[in-house]
Amino acid sequence: MKPATLQISTRSGKTVSLTILLFFLLIAVAEWVARSESFQAPLTPPKMGSHHYQLGHKLILLNALARKTDYVDCIMLGNSTVDTGFDPAAFERGYREMTGQDIDCFNFGIDASSAASTAALAQIIVEDYHPRLLIIGTDARDYAIPKEDHEPAVVLNTPWVAYRQGNFSLEGWLLDHFYLYRYRQHLARLARFQLEDTLWSRTKLNYEILPNGFTPLSKVGTYINDPPDPEDHSFEVTYYTRIYSSYQMLDANLEGLKSMMEYHQSGIAVILVEMPVSDGLYYFFGNRESDYNRFLARVGELATMHHVPFWQTESLDFIPDTGWVDYSHLNKTGAEVFSLWLGQQVGRAEGQESRKPSRP
């Protein structure tokens, strides 16, 4: 006969194995639930380990649009001028006018981003969503902010973003692979019945992001063409003065722009667009228009090198005076005008491309 202790050990081993199996089964079911739209819908977006108020929100909205349409045709990237200045609905309308075809587009403009941090997000967007059209909205600020500055760093230093750039961390890996980990703080707050910042119905935000990623603003800036008051110590005036008074285009940001334009060689259509700015912005540059024109010339050179179209808006003067929030941000009126024009431009360009004779 076998010893009784051996029988107990065998049964104990089976119990442990079954417990482990059930644990992993429970985790798998919980992960499946966390990935479902019905689970995510009532909850505020996970922050993806970031302190940025928009990143997780826009990712959730982009995921929802991708599920709804099966494929997102075009995505526009950039800083806050894109966030508040690109209206995908108006863009789609302009595109339809030129082509007679529908297109699904999303605004992934991130407040306070630079060319370097936008490039990091572009890599993730291209890898995960494979849009056929990537539009990069750019302005002079994109190249003047060091990537170490707290504004772009809040994106670049996010563990998930850093992980996707090849910098391994356990947190970055968990955020990338497990929705249950992304929502862990929500579950902890729900367990304590802390519903604010957890449920949409209990959370009040001071901004609105539409399902297509657009953040519409209603404010109308009445001073956008006037020189700033030297006695004005508001954040806007001091911020623009700090960035533009000794304007420099930093190599890290130019490298970021180059990396985004290189997608044009991999089968993704890339278009670079100058985001509209008001005449009043030139007063902040130490050398006025010559500094701004240096930005346009350098970006134009790089676009030509990469065979990427660079559409400039400076000379068009098509944004009405009622279309601005401040010196460099459009309100929803200005965004509609700009986005309609951009959609028409893209539609016209695609029509011209399709009429070119094929190579033998």
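On a predicted model such as this, the values are computed, not experimentally measured, just so you know.

1. Regarding the sheet that holds strand 3 (residues 133-138)
For step 1, the next point in the chain: Read from one edge of the open sheet, five strands run 2-1-3-4-5, paired in parallel fashion. Every other strand in the sheet has two partners, leaving strand 2 (105-109) and strand 5 (310-311) as the edge strands with one partner each.
For step 2, the next point in the chain: As paired elements, strand 1 (residues 74-78) and strand 3 share four bridges and run parallel to each other. Among the inter-strand pairings, Cys74 is bridged to a residue of strand 3, identified as Leu133.
For step 3, the next point in the chain: Sheet contacts for helix 3 (residues 55-69): strand 1 and strand 2; angle to strand 2, the most-contacted strand, approximately 170°.

2. Section: the state of the cysteines
For step 1, the next point in the chain: On inspection of all chains with the given rule, the structure shows one disulfide.
For step 2, the next point in the chain: Covalently, Cys74 is tied to Cys105 through a disulfide, its sulfur atoms 1.8 Å apart. Across the S-S bond of Cys74 and Cys105 the torsion is about -105°, and the bridge reads as left-handed. Taken together, the positions of Cys74 in strand 1 and Cys105 in strand 2 put the pair 31 residues apart, joining distant regions of the chain. By the burial criterion, Cys74 is buried, and Cys105 matches it.

3. Here's the deal with the confidence of the model for the protein chain
Low pLDDT marks stretches whose predicted atomic positions should not be read closely.
For step 1, the next point in the chain: Scored by pLDDT, the protein chain comes out at a mean of 91, with 95% of its residues at no less than 70.
For step 2, the next point in the chain: Contacts from residues 356-360, a stretch scored under 50 in pLDDT, to residues over four places away or in other chains number zero contacts.

4. A look at a nonpolar patch on the surface
For step 1, the next point in the chain: A cluster of nonpolar residues, Leu18, Leu21, Leu22, Leu25, Val29, Trp32 and Val33, forms a patch on the protein surface that exposes about 720 Å² of accessible area.
For step 2, the next point in the chain: Here Trp32 is to be found in helix 1 (residues 4-34).

5. A closer look at helix 9 (residues 170-177)
For step 1, the next point in the chain: The set of residues buried in helix 9 consists of Gly172, Leu174, Leu175 and Asp176.
For step 2, the next point in the chain: Buried positions along helix 9 lie against helix 8 (159-164), helix 10 (179-182) and helix 11 (184-191).

6. So, helix 14 (residues 289-305)
For step 1, the next point in the chain: The end-to-end C-alpha distance of helix 14 is 24 Å, a good match for the 24 Å that 17 residues give at a rise of 1.5 Å each.
For step 2, the next point in the chain: Looking at helix 14, one finds that the buried residues are Asp291, Tyr292, Phe295, Leu296, Val299, Gly300, Leu302 and Ala303.
For step 3, the next point in the chain: Those residues of helix 14 that are buried are in contact with strand 3, helix 12 (235-244), helix 13 (251-261), strand 4 (269-274) and strand 5.
For step 4, the next point in the chain: Trailing helix 14 by a residue or two, His307 shows a phi angle of about 60°, which is positive.

7. A word on the nonpolar core
For step 1, the next point in the chain: By size, the foremost hydrophobic cluster in this structure holds 63 residues, and its most contacted members are Ile75, Phe108, Tyr143, Tyr244, Tyr247, Leu272 and Phe295.
For step 2, the next point in the chain: Once residues lying within four places of it in the same chain are set aside, the contact partners of Tyr143 are Ala115, Thr138, Tyr247, Gln248, Met249, Leu250, Asn253, Leu254, Leu257, Phe295 and Val299.
For step 3, the next point in the chain: In this structure, Val82, Cys105, Val273 and Phe338 belong to the second largest nonpolar core, which totals 22 residues.

8. Structural notes on the packing of aromatic side chains
For step 1, the next point in the chain: Under the definition given, this model contains 22 aromatic pairs.
For step 2, the next point in the chain: Summarising the aromatic geometry, the rings of Tyr163 and Phe168 are spaced 6.0 Å apart at their centres and angled 65° between planes, so their arrangement reads as edge-to-face.
For step 3, the next point in the chain: Under the relative-accessibility criterion, Tyr163 is labelled buried at 18%.
For step 4, the next point in the chain: Ring centres of Phe235 and Tyr239 lie 5.2 Å apart, and the angle between their planes is 20°; on these two criteria the pair is classed as stacked. Here Phe235 and its partner Tyr239 are both found in helix 12, four residues apart, which amounts to about one turn of the helix.
For step 5, the next point in the chain: In this structure Phe235 comes out as exposed when scored by relative accessible area, which is 61%.
For step 6, the next point in the chain: Exposure remark for Tyr239: the relative accessible area of 11% places this residue in the buried category.
For step 7, the next point in the chain: When the ring centre of Tyr179 is taken as reference, the NZ or CZ atom of Arg182 above it lies at 4.2 Å.
For step 8, the next point in the chain: Over the ring of Tyr181 we find Arg184, and its NZ or CZ is 3.9 Å from the ring centre.

What counts, and where the lines are drawn
- Residues numbered from 1 in each chain as written.
- Predicted model: local features only at pLDDT ≥ 70, side-chain atom pairs only at ≥ 80, totals over all residues.
- Heavy atoms only, no water.
- Pairing = 2+ DSSP bridges.
- Helix = DSSP H or I, 4+ residues; strand = E, 2+ residues; numbered from the N terminus.
- Contact = heavy atoms within 4.5 Å.
- Axes fitted to C-alpha atoms, helices over the stretch in contact; angles between N-to-C directions.
- Disulfide = S-S within 2.5 Å.
- Buried < 20%, exposed > 50% of the residue type's maximum accessible area, 1.4 Å probe, protein only.
- pLDDT = per-residue confidence, 0-100.
- Patch = residues over 30% accessible without salt bridge, like charges linked within 9 Å, V, L, I, M, F, W, Y side chains within 5 Å.
- Areas by Shrake-Rupley, 256 points an atom, 1.4 Å probe, with all protein chains shown as cover.
- Salt bridge = Lys/Arg side-chain N within 4 Å of Asp/Glu carboxyl O.
- Expected span 1.5 Å × (residues − 1).
- Core = buried A, V, L, I, M, F, W, Y, C linked by side-chain atoms within 4.5 Å.
- Phe/Tyr/Trp six-rings, centres within 6.5 Å; stacked < 30°, edge-to-face > 60°.
- Lys NZ or Arg CZ within 6 Å of the ring centre and 35° of its normal.

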